[in-house]
Protein chains: 2
Amino acid sequence: MTKYNTNSRTVELEVEDFGKCKWHVEAEKSVQYTVLESYKLFDIENRDILLGHLNSRRFIIIDEQVNIRYGQRIEEYFDHYNLECRFLPLEVSEQTKTIQTVLQLVEELDNFGLLRRNEPIIAIGGGVLLDIVGLVASLYRRGVPYIRVPTTLMALIDAGIGVKTGVNFHTHKNRIGTYHAPQITFIDKNFLKTLDQRHICNGLAEILKIGIVKDRTLFNLLEKYSTELITSKFQNPKISDVILQRSIGGMLEELEPNLWEQQLYRLMDFGHSFSPKLEMSAIPKLLHGEAVAVDMAFSTVLAAERNLISTTDRDRILRLTRLLKLPTTHKLFTPSLLFDSMHEIIKHRDGLQRLPLPIGIGQADFFNDLTEQEIEAASDTLQKLKENE
Amino acid sequence: MTKYNTNSRTVELEVEDFGKCKWHVEAEKSVQYTVLESYKLFDIENRDILLGHLNSRRFIIIDEQVNIRYGQRIEEYFDHYNLECRFLPLEVSEQTKTIQTVLQLVEELDNFGLLRRNEPIIAIGGGVLLDIVGLVASLYRRGVPYIRVPTTLMALIDAGIGVKTGVNFHTHKNRIGTYHAPQITFIDKNFLKTLDQRHICNGLAEILKIGIVKDRTLFNLLEKYSTELITSKFQNPKISDVILQRSIGGMLEELEPNLWEQQLYRLMDFGHSFSPKLEMSAIPKLLHGEAVAVDMAFSTVLAAERNLISTTDRDRILRLTRLLKLPTTHKLFTPSLLFDSMHEIIKHRDGLQRLPLPIGIGQADFFNDLTEQEIEAASDTLQKLKENE
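So, here is what we can say about the structure in this document. Note that the structure is a prediction, hence the values are computed from the model and not measured. (Residues numbered from 1 in each chain as written. Chains lettered and ligands numbered in written order. Predicted model: local features only at pLDDT ≥ 70, side-chain atom pairs only at ≥ 80, totals over all residues. Heavy atoms only, no water.)

1. Re the relation of the copies chain B and chain A
Then, in step 1: Superposition record for chain B on chain A: RMSD 0.0 Å, screw rotation 180°, translation along axis 0.0 Å. The two molecules are tied by a two-fold rotation axis, judged by turn and shift. Every residue of chain B has its C-alpha some distance from the rotation axis, and the shortest such distance is that of B:K29, at 2.4 Å.
Then, in step 2: In this assembly the copies share their binding face: 100% of the residues contributing to the interface of chain B also contribute to that of chain A. (Least-squares fit on C-alpha atoms with pLDDT ≥ 70 in both. Contact = heavy atoms within 4.5 Å.)

This is the structure in structure tokens:
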């Protein structure tokens with residue numbers, strides 16, 4: 001037996017029987033990032049996005065539509081501070097949310113000659129753009145820093161504030177991705193002014209989700225102010241600020257202790273069990289939040305059939321969904337798609353359904369014993385409720 | 001000003017001036033893995049690789065050449081334990097170390113219907129295969145577990161024991177990648193028996209690196225036993241075990257405190273400043289370790305020209321390189337390639353050269369002030385030394 005000492009300061013070494021060596025490697029990665037409300041981010045007097053760095057270059061990837069509306073102002077902003085920037089407008093959709101788009105951006109970064117740590121990528125756009133750019137930032141040289149500027153309601157309260165990145169693969173949503181925290185995310189609701197109503201409602205679906213599974217007050221606020229939120233596009237300071245802050249705070253409360261999804265029982269998966277297949281089947285007609293709304297309506301009916309919630313609460317949820325101009329059914333949302341979704345989700349949740357269902361408004365629990373019979377029955381009930389509207 | 005309390009247990013919220021909210025997200029990711037010496041891993045009585053799990057399926061990605069030699073035995077091993085396995089032999093090279101190969105494997109995982117956490121991928125092969133499969137495991141569903149079984153000397157002491165994954169992009173080596181720790185790496189030097197001599201020497205280059213920059217004893221052992229190591233292919237238990245354990249321990253000692261390369265002054269980058277461009281230019285003729293050897297020889301001459309090491313030590317290093325049947329020069333290793341490498345490495349090391357150079361045998365330090373003149377002069381000197389051999 002060869003006894004041997006590595007002189008290691010940190011690596012723990014055991015010499016086992018017959019001279020077998022065993023090394024234990026152990027390390028902690030500390031991840032920190034900030035989500036900051038910053039109104040009118042690109043007004044000259046607002047210096048938030050500079051982060052105090054007035055020397056380094058910036059690589060800006062901006063949604064093509066956002067660029068049309070805000071590109072000039074943003075360029076003027078960085079010009080004012082004499083900052084060398086590369087602007088890359090990018091047309092994005094669920095169909096171009098692919099690894100090929102990632103490679104195209106990698107090539108642009110190579111051409112720019114991005115430094116590894118001190119020339120942050122700035123991503124400006126909706127959830128799809130932020131997901132793609134997040135993946136690029138996480139893969140390029142095994143990770144470079146990036147800053148998120150969400151410009152849609154969906155991105156402001158969901159895609160923009162977590163650490164997930166990803167692209168689609170064939171018909172599988174976000175099948176390829178990583179966890180890569182931004183340096184900082186800026187919340188500027190001023191962008192919502194120019195968002196069309198359908199995209200406001202799209203984001204409201206995720207806010208509704210938070211209300212249903214964990215925040216009864218938020219649910220009540222949505223019921224009371226739905227029309228005002230939609231018509232003012234979140235520009236009413238009092239109401240919309242409370243709603244945004246409550247949504248972001250609630251979301252981060254769920255994400256932070258489970259940033260790498262080590263725990264697969266996730267409240268925030270409500271509305272995300274059956275919707276991925278629906279969304280990918282109905283591309284490009286159905287938005288993410290719309291697919292989530294259909295899933296939530298169905299899951300709510302499921303919960304009512306199990307007597308987890310009263311029919312009164314079920315109907316309040318369905319009514320609020322409609323008030324938020326979101327769908328509760330879809331012609332492709334068939335029992336067959338629902339069965340397929342269940343099989344897929346079991347793989348994604350490592351062998352169990354782990355299905356979050358509401359047990360009242362503002363509360364939810366997890367279930368692993370959903371049957372195909374129940375799916376069919378709930379599907380029928382939802383259809384009937386829809387017909388009786 | 002809207003004062004608002006998120007009721008967050010963990011997310012820290014500040015309400016700034018004018019009602020601006022600021023959330024700080026903070027989390028620690030704990031990474032642990034084991035590197036275990038396990039001789040004759042696929043002998044029936046060796047149960048190490050089962051990890052005590054006798055129910056879950058395995059997805060095995062194996063180098064095509066390794067499969068020809070060991071595939072049947074490995075299949076018999078898993079058959080013996082009645083384990084359902086999918087075997088995927090993969091032909092790999094630096095040219096097919098691309099994202100396209102990653103996508104091909106993602107498709108295979110989809111077809112297999114891999115569970116997210118409990119059906120580990122087992123990667124069996126050399127460094128290129130382990131790098132590719134590591135990236136696949138890190139991207140699929142944002143990360144699934146995998147087990148590494150290195151089968152070459154290079155992989156045993158380098159690629160197999162760290163957490164880096166990656167593929168090439170155009171002519172850039174490992175431009176796209178992640179950090180993704182394996183569950184466990186098994187060190188079975190029995191695989192080296194069937195490795196050709198050139199690949200033994202290829203791995204010896206990385207062992208030589210450790211000797212030069214941090215372990216004088218290892219360097220001395222290499223000097224003393226070079227011929228025996230090469231001819232016995234590391235099958236002599238006493239000497240080769242000490243060398244392997246010292247190399248793996250030394251490497252992990254460097255990696256563990258800097259697992260995500262937050263520190264860009266890295267001793268293990270010795271021989272990896274000028275070699276990536278050489279390697280990618282000389283594909284497929286030059287192996288990784290051979291390119292590293294040429295870089296080390298050049299860097300050693302640079303160090304001697306700066307009087308960081310004596311010419312005696314310089315010549316000892318060059319002589320040992322030759323004893324290990326490794327090259328010290330290459331026709332493509334021109335001043336022009338060296339300049340280009342310097343520019344590239346400055347981007348990769350975030351604005352500074354951070355060049356590790358030996359300051360004696362078994363010690364190194366970092367330098368940021370290398371000039372083009374020095375590169376040319378050292379290049380000339382190395383050429384002359386070569387001619388006088």
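After that view, the rundown keeps rolling.
2. Considerations on the interface of chain B and chain A
Then, in step 1: Taken residue by residue, the interface counts 81 residues in chain B and 81 residues in chain A.
Then, in step 2: Here chain B meets chain A over a buried area of about 8100 Å², counting both sides, of which 52% is carbon and sulfur.
Then, in step 3: If you look at where chain B meets chain A, you find eight salt bridges.
Then, in step 4: Two residues, A:E261 and B:R116, come together in a salt bridge whose shortest N-O distance is 3.2 Å.
Then, in step 5: The set of elements that each furnish at least two residues to the side of chain B that touches chain A consists of β2 (21-37), α2 (99-112), α3 (127-139), β8 (172-176), α7 (237-255) and α11 (335-348) of chain B. (Buried area = accessible area lost by both parts, 1.4 Å probe. Salt bridge = Lys/Arg side-chain N within 4 Å of Asp/Glu carboxyl O. Helix = DSSP H or I, 4+ residues; strand = E, 2+ residues; numbered from the N terminus.)

3. Looking at the environment of B:I230
Residues and elements named next belong to chain B.
Then, in step 1: Summarising the element assignment, I230 is placed in helix α6 (residues 216-232).
Then, in step 2: Distance in space between the C-alpha atoms of I230 and R198 is 9.2 Å, their sequence separation being 32 residues.
Then, in step 3: With sequence-adjacent residues up to four places away left out, I230 is seen in contact with Q197, I200, C201, L204, L323, L324 and K325.

4. Some details on a negative patch on the surface
Then, in step 1: Together, A:E26, A:E28, B:E26 and B:E28 give the surface a local cluster of negative charge.
Then, in step 2: Looking at the negative patch, the elements with two or more residues in it are β2 (21-37) of chain A together with β2 of chain B.
Then, in step 3: For B:E28, a relative accessible area of 47% gives the class partly exposed. (Patch = residues over 30% accessible without salt bridge, like charges linked within 9 Å, V, L, I, M, F, W, Y side chains within 5 Å. Areas by Shrake-Rupley, 256 points an atom, 1.4 Å probe, with all protein chains shown as cover. Lys, Arg positive; Asp, Glu negative; His and termini not counted. Charge placed at Lys NZ, Arg CZ, Asp CG, Glu CD. Buried < 20%, exposed > 50% of the residue type's maximum accessible area, 1.4 Å probe, protein only.)

5. Some thoughts on empty space enclosed by the protein
Then, in step 1: As enumerated under the stated definition, the model contains two cavities of 30 Å³ or more in all.
Then, in step 2: Roughly 60 Å³ of internal volume is contained in the largest cavity.
Then, in step 3: In terms of lining residues, the largest cavity is bounded by B:K40, B:L41, B:F42, B:Y70, B:R73, B:I74, B:D188, B:N190 and B:F191.
Then, in step 4: For the lining of the largest cavity, a count of residues per class yields five nonpolar, one polar and three charged.
Then, in step 5: Approximately 50 Å³ is the volume found for the second largest cavity.
Then, in step 6: Around the second largest cavity, the lining residues are A:K40, A:L41, A:F42, A:Y70, A:R73, A:I74, A:D188, A:N190 and A:F191.
Then, in step 7: Split by residue class, the lining of the second largest cavity holds five nonpolar, one polar and three charged. (1 Å grid on protein atoms, 1.4 Å probe; cavity = no way out; pocket = protein on both sides within 12 Å on 5 of 7 lines; lining within 4 Å. Points joined across faces, edges and corners; volume = space filled by probe spheres on them. Nonpolar A, V, L, I, M, F, W, Y, C, P; charged D, E, K, R; others polar.)

6. Digging into the packing of aromatic side chains
Then, in step 1: A full pass over the atoms with the stated rule returns 18 aromatic pairs over all chains.
Then, in step 2: Here the aromatic rings of A:Y265 and A:F366 are separated by 5.3 Å at their centres, their planes lie at 70°, and the arrangement is edge-to-face. Linking A:Y265 in the loop between α7 (237-255) and α8 (275-281) with A:F366 in strand β11 (residues 364-367), this pair joins segments that are 101 residues apart in sequence.
Then, in step 3: Residue classification places A:Y265 among the partly exposed residues on the basis of a relative accessible area of 29%.
Then, in step 4: Take A:F366: its relative accessible area is 22%, and that puts it in the partly exposed class.
Then, in step 5: An aromatic cluster of at least three residues, connected via ring pairs, comprises A:F42, A:Y77, A:F78 and A:Y81.
Then, in step 6: One Lys or Arg, B:R354, reaches over the ring of B:Y265 and ends 4.9 Å from the middle of that ring. (Phe/Tyr/Trp six-rings, centres within 6.5 Å; stacked < 30°, edge-to-face > 60°. Lys NZ or Arg CZ within 6 Å of the ring centre and 35° of its normal.)

7. A closer look at the nonpolar core
Then, in step 1: Ranked by internal contacts, the top residues of the largest apolar core, which has 81 residues, are B:L153, B:L204 and B:F234.
Then, in step 2: In terms of residue count, the dominant contributor to this core is helix α9 (residues 288-305) of chain B (eleven residues).
Then, in step 3: Setting aside chain neighbours within four positions, we find B:L153 in contact with B:L192, B:L195, B:H199, B:I200, B:G203, B:L204, B:I207, B:F234 and B:L244.
Then, in step 4: Among the nonpolar cores identified, the runner-up in size contains 79 residues, and A:V31, A:I239, A:L255 and A:A297 belong to it. (Core = buried A, V, L, I, M, F, W, Y, C linked by side-chain atoms within 4.5 Å.)

8. Describing the pattern of salt bridges
Then, in step 1: For the structure on display, the rule yields 54 salt bridges over all chains.
Then, in step 2: B:R86 is paired through a salt bridge with B:E108; the nearest N and O atoms lie 2.6 Å apart. Placement of the pair is B:R86 in strand β4 (residues 85-90) and B:E108 in helix α2, with a sequence separation of 22 residues.
Then, in step 3: According to the relative accessible area criterion, B:E108 is partly exposed, its value standing at 22%.
Then, in step 4: The salt bridge involving B:R175 is made with B:E344; its shortest N-O contact spans 2.6 Å. With a gap of 169 residues between them, B:R175 in strand β8 and B:E344 in helix α11 connect regions that are remote in the sequence. Like B:R175, the residue B:E344 is buried in the burial classification.
Then, in step 5: Linked by salt bridges that have partners in common, A:R116, B:K164, B:E261, B:R266, B:D269 and B:R349 make up one network.

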